Structure formats: C-alpha cells, structure tokens
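Descriptive structure summary
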Amino acid sequence: MKSGDNMTYEQALTYINENSQNKIIPGLDNMNKLCSLLGDPQNKVKTIHIAGTNGKGSVGAFIAAGLISNGYNVARYTSPAVLDYRNKFTYNNVPISKEEFSNITFQVKSKIESSGCKPTVFELETAIAFYFISTKNCDFAIIETGMGGRLDATNVCDKILSVITPVALDHTNFLGSSIEEIAEEKSGIIKDCLISADQDIAVKNIFLKHTQNAVFVDSSAIKNVKYTLDKTTFDYKNHHNIEITMLGKYQVENACLAVETLEKLNSMGFSINNIASSLKNAQWQCRFQKISENPLIIADGAHNPHGIKALKENFNIYFKDKPTVFITGVFKDKDYNKMAEIICPYAFKIFTVNSHNVRALPAKEYAYAISKYNKSVQSFSSIQTAVKSALKYQNILVFGSLSFMAEIYDCFKEELWKDTTKY
C-alpha cells in the first residue's frame with residue numbers, strides 16, 4: 001500500500017465515529033454482508049465466544065493468560081474500551097498499533113464505500129477486529145459480545161466454544177425485562193459446547209434447552225480461598241494453590257470459569273498444561289484494580305446492581321472497618337437507585353462526579369438519589385476537584401460506568417505523581 005493511500009490514526013477514529021448516525025438494522029444480515037465484503041475473516045480462526053452480564057473481560061483475560069502461557073498465539077476483541085481505545089484489539093495482550101489500526105480501518109473503509117453497506121459503530125469495530133485477527137498467526141481468538149448474544153454483531157463468528165459469564169438483569173430495554181428473557185438472548189451464542197459460570201436454576205434450564213453439552217462452574221468446589229491486597233490463592237476441584245493477581249471474590253469465580261474452559265480445550269486435543277499456575281499473570285484494568293498502595297485506591301467498573309453486589313462483597317473483604325471515601329459516576333439509564341441502596345450505606349463519604357459522556361447521570365441528581373441511603377454525599381462538577389478532595393483520606397474506592405474510569409484513572413495518576421511520597 002502506498003503511503004498516500006491510507007489514513008492517520010485520528011482520521012480512522014473520526015471515520016468510525018461518523019458511522020454513529022447509521023441506524024441499527026435488526027438481525028445479522030448487515031454484519032454478514034460486511035464480513036462477506038472482507039472475505040469472511042471471522043471464519044479463519046478458532047474462536048472462543050464470550051457472553052454474559054458481568055465478567056466477560058476478566059474471564060477473557062484469564063483464558064488468554066492460560067493459552068499464552070502454553071505457547072498459543074491469542075487475539076482478543078473486547079468492549080467497551082476503558083483506558084485506551086486500542087485495548088479493544090490485542091494480540092498476545094499487546095494492543096494494536098496506531099499504524100496497524102489505521103491501515104486496517106482504511107482497507108475496511110475501502111471495501112465498504114462501494115457496497116452501500118451502512119454499518120453501526122459496533123458492527124464496524126467488530127469487522128475491523130475480525131480483519132485484524134485474520135492477519136495474525138493466530139491459534140485462538142477470544143471474542144466478547146457487545147450486548148446480549150443472539151443478535152450481537154459478534155455472533156457471526158465460527159466458534160469452537162461458547163462461554164457465558166453470570167447472567168443478571170441489565171440492558172433491559174433491549175434484552176428483556178426478566179432474567180429468563182435475558183438468558184434466552186445470551187444463549188443465542190451457543191453453537192454446540194457451552195462452558196458457563198454457576199447460574200440461577202432458571203438460567204441453567206434455558207441454556208440446557210440449547211445444548212446438553214454444557215459444563216457449569218461448581219461453586220461448592222472452590223476451597224481454601226485466601227485474600228490479600230497483592231494476590232488471591234484458592235483450590236478448585238483437583239487444581240490446588242491457584243494463584244491470581246486480579247483482586248476480588250468474583251475473580252475467583254471468573255478464574256474457575258477459565259479453568260473449566262481450558263480443561264475443555266485440553267479434552268478437545270489442545271495441549272493445556274499447568275492450569276493452576278497459568279492464570280497468575282492475567283490482568284484486566286479497572287476491575288477491582290489497585291492503583292495505589294498509599295493511599296489505598298481501588299478502581300472498579302461496577303455499573304449495574306449485579307456488579308454492585310459483587311463490589312459490596314469485595315468491600316467487606318478489603319475495606320471492612322476502614323473509613324472509605326467513594327467516588328462514583330453512572331449512566332442515567334442504569335438502576336442507580338438500587339445500586340445506591342446496596343453499597344452507599346457503607347461509605348464514610350461519597351463524591352459524585354460528572355463525566356463527559358452524554359449518557360452520564362448529572363452528579364447532583366446522582367447525589368440526591370444517594371442521599372436517601374447516606375447523608376455524607378457531595379456532588380462535584382469536575383473529576384479533578386473530587387480527586388483532590390478524596391486524596392486527603394487513606395482509603396478510596398472508585399466505581400461506576402466504565403466511560404468515566406479513564407478520566408478518573410488518569411486524574412488520580414496525575415495527582416499522585418505530583419506528590420511522590422504518596423506513590
């Protein structure tokens with residue numbers, strides 16, 4: 001390709017955002033057409049397809065760590081991006097370069113322009129991901145759904161395994177108002193074999209309607225769990241002293257889902273050894289992630305009631321009896337009243353913040369909702385002022401919608417580095 005026949009990274013991002021005006025067309029016909037224009041790259045690699053309400057990124061990170069440690073080349077496509085847009089597209093845990101992203105986006109754009117195809121942003125990003133993966137010497141692709149499963153743009157991939165993380169109420173405007181309706185949408189990714197988290201019995205029964213070739217995590221087989229702020233160790237079935245450095249109770253369950261997935265791949269003829277030690281290096285940003293030791297700062301992307309319940313469990317493990325300041329922001333389409341009821345009574349102080357995202361709930365409105373459960377709440381017009389106020393305290397928990405995590409994460413880093421005695 002000639003250097004002139006291309007676009008810059010900024011131009012590539014602009015082009016993708018321009019497609020936000022394109023209407024969603026129900027079904028997968030548009031995505032199938034788009035992939036056909038690109039030579040059906042989604043069918044050129046063995047895919048592990050992940051759906052679920054919470055934990056998709058963490059489970060994908062554990063599975064990738066296990067495969068990479070066993071010598072396999074692994075590409076991943078995740079959403080949404082948290083700290084860097086390019087983290088959506090990785091190969092052996094290395095994000096796509098700006099140059100490679102620009103080149104691929106240009107090639108995809110060239111194919112689309114003469115076709116009349118008008119993809120949504122997510123469809124376009126998914127096509128770019130499939131094309132990117134097809135250019136790599138890839139043994140496995142780990143692909144996350146954006147939302148749901150059955151009609152998700154990623155559901156055109158040729159999968160060897162379907163993996164479903166815990167299912168709970170979320171995106172009810174799109175996926176259904178009951179846990180059964182949502183489970184039915186998630187089950188749309190099942191092709192043959194399913195590896196699933198431990199689920200409510202109603203969810204299990206729906207999954208088993210789609211396949212009898214299913215493995216569920218056995219939560220009762222998790223033993224000898226030990227938590228510190230540096231690592232967690234535990235046993236699961238015949239795997240002893242599993243060590244993970246991603247913190248939180250739910251990461252133990254996510255790791256067990258990865259163990260079951262790796263076990264299944266092993267039974268399918270792929271050589272997977274030392275599973276207990278292969279998960280140690282897995283990392284996933286802003287999932288109960290420690291970003292500072294002194295003061296203790298934990299960042300977590302919990303943004304729905306199911307995620308907040310898990311966050312409450314973690315709070316009781318790591319912050320119990322420690323006066324803790326919460327900094328939080330949330331989307332206005334989330335059940336923020338229920339979230340506030342679950343977690344906010346336990347805070348010493350709560351700071352609500354405004355995000356740049358158009359879907360964000362205004363900080364004052366969020367503070368008003370929280371005030372029913374904790375009177376020590378204050379709204380801030382900027383993340384910077386909230387962070388400066390919070391850094392007067394020793395224990396800080398940051399949580400909420402992932403879109404503002406990048407803003408708040410960068411702000412904490414900047415403020416902490418100003419005073420190197422704190423970091």
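All values reported here derive from a predicted model rather than from experimental measurement.

1. Topic: the overall build of the protein
On a plain count of helices and strands, the protein comes out with 15 helices and 17 strands. For 423 residues, the compact-globule formula gives about 22 Å, and the C-alpha radius of gyration of the protein, at 21 Å, lands near that figure. With respect to the principal axes defined by its C-alpha atoms, the protein has extents near 55 × 55 × 45 Å. Residues classed as buried in the protein amount to 55% of the 423 residues present. The long-range fraction of contacts in the protein, counting pairs at least 24 apart against all pairs at least 6 apart in sequence, stands at 72%. When the accessible surface of the protein is summed, it comes to about 18100 Å², and 48% of that surface belongs to carbon and sulfur atoms. Distance between charge centroids for the protein: 3 Å, based on 46 positive and 43 negative side chains.

2. Quick look at the side chain of S401
Relative to the assigned elements, S401 resides in the loop between β17 (395–400) and α15 (405–418). Once residues within four sequence positions are removed from consideration, S401 is found in contact with A302, H303, G329, V330 and F331.

3. Section: the packing of aromatic side chains
Going through the model one piece at a time under the given rule, you end up with 17 aromatic pairs. For the ring pair F89 and F101, a centre distance of 5.7 Å and an interplane angle of 45° mean the geometry is tilted. Of this pair, F89 sits in strand β3 (residues 89–91) while F101 sits in helix α4 (residues 98–113); the two residues are 12 residues apart in sequence, bridging distant segments of the chain. The residues F89 and F101 share a single accessibility class, namely buried. Clustering of aromatic rings is evident, with ring pairs tying together Y9, Y77, Y85, F89, F101 and F122. Lying over the aromatic face of W284, R76 brings its terminal NZ or CZ to 4.6 Å of the ring centre. In this arrangement the basic side chain of K136 is found over the ring face of Y91, its NZ or CZ atom lying 5.3 Å from the centre.

4. As for the pairing of strand β13 (residues 296–300)
For β13, the buried fraction is high: five of the five residues fall into the buried class. Looking at chain direction, strand β12 (residues 289–292) and β13 are connected through three bridges and run antiparallel. Bridging from a neighbouring strand, K290 pairs with I298 of β13. Hairpin connection from β12 to β13: three residues lie between these consecutive antiparallel strands. Where β13 and β17 come together, five bridges link them in parallel fashion. Bridged to A299 within β17 is V398.

5. Remarks on helix α7 (residues 179–186)
Within α7, the full set of buried residues consists of I179, I182, A183, E185 and K186. On an axial view of α7, the arc spanned by its buried residues comes to 160°, and they lie on one face.

6. Considering the packing of helix α11 (residues 305–318) against helix α12 (residues 336–343)
Axis separation between α11 and α12 bottoms out at 9 Å; the angle between their running directions is 15°. Of the possible angle classes, the one that applies to α11 and α12 is roughly parallel. Crossing geometry of α11 relative to α12 is assigned as right-handed. In this structure, α11 uses P305, I308, K309, L311, K312 and F315 to contact α12, whose residues at the interface are K338, M339, I342 and I343. Its residues assigned to classes, the contact of α11 with α12 shows seven nonpolar, no polar and three charged.

7. Regarding the sheet that holds strand β6 (residues 159–164)
Strand order in the open sheet formed by eight strands is β4-β3-β2-β5-β1-β6-β7-β8, with mixed pairing between adjacent strands. The open sheet terminates on both sides in strands that have one partner only, identified here as β4 (94–95) and β8 (214–216). Against the sheet, helix α9 (residues 249–267) engages β1 (46–51), β5 (140–144), β6, β7 (194–196) and β8, with an angle of about 160° to β6.

8. A short note on the pattern of salt bridges
Side-chain pairs of opposite charge can arise whenever the charged atoms involved come near each other. Tallied over the full model, the rule gives 17 salt bridges. The salt bridge partner of K209 is E184, with a shortest N-O separation of 3.6 Å. With K209 in helix α8 (residues 201–210) and E184 in helix α7, the pair connects residues that are 25 residues apart, well separated along the chain. For K209, a relative accessible area of 62% corresponds to the exposed category. The residue R359 makes a salt bridge to D333 at a minimum N-O spacing of 2.9 Å. Taken together, the residues R359 in the loop between β15 (349–353) and α13 (363–370) and D333 in the loop between β14 (325–329) and α12 connect sequence positions 26 residues apart. The partly exposed category is assigned to R359, whose relative accessible area is 36%. In this structure D333 comes out as partly exposed when scored by relative accessible area, which is 47%. It is possible to trace a salt-bridge network through shared partners that takes in D230, K290 and E293.

9. What about helix α1 (residues 9–18)?
Here α1 has its buried residues at Y9, A12, Y15 and I16. End-on, the buried residues of α1 take up no more than an arc of 120°, which puts them together on one face. Residues N17 and E18 are exposed on α1 and point more than 90 degrees away from its buried face. Where α1 is buried, its residues contact α4 and α5 (121–134).

Rules used in this analysis
Residues numbered from 1 in each chain as written. Predicted model: local features only at pLDDT ≥ 70, side-chain atom pairs only at ≥ 80, totals over all residues. Heavy atoms only, no water. Helix = DSSP H or I, 4+ residues; strand = E, 2+ residues; numbered from the N terminus. Rg over C-alpha atoms; globule rule 2.2 N^0.38 Å. Buried < 20%, exposed > 50% of the residue type's maximum accessible area, 1.4 Å probe, protein only. Contact = heavy atoms within 4.5 Å. Areas by Shrake-Rupley, 256 points an atom, 1.4 Å probe, with all protein chains shown as cover. Lys, Arg positive; Asp, Glu negative; His and termini not counted. Charge placed at Lys NZ, Arg CZ, Asp CG, Glu CD. Phe/Tyr/Trp six-rings, centres within 6.5 Å; stacked < 30°, edge-to-face > 60°. Lys NZ or Arg CZ within 6 Å of the ring centre and 35° of its normal. Pairing = 2+ DSSP bridges. Arc of directions from axis to C-beta. Axes fitted to C-alpha atoms, helices over the stretch in contact; angles between N-to-C directions. Parallel < 35°, antiparallel > 145°, perpendicular 65-115°, else oblique. Left-handed = near helix turned anticlockwise from the far one by under 90°. Nonpolar A, V, L, I, M, F, W, Y, C, P; charged D, E, K, R; others polar. Salt bridge = Lys/Arg side-chain N within 4 Å of Asp/Glu carboxyl O.

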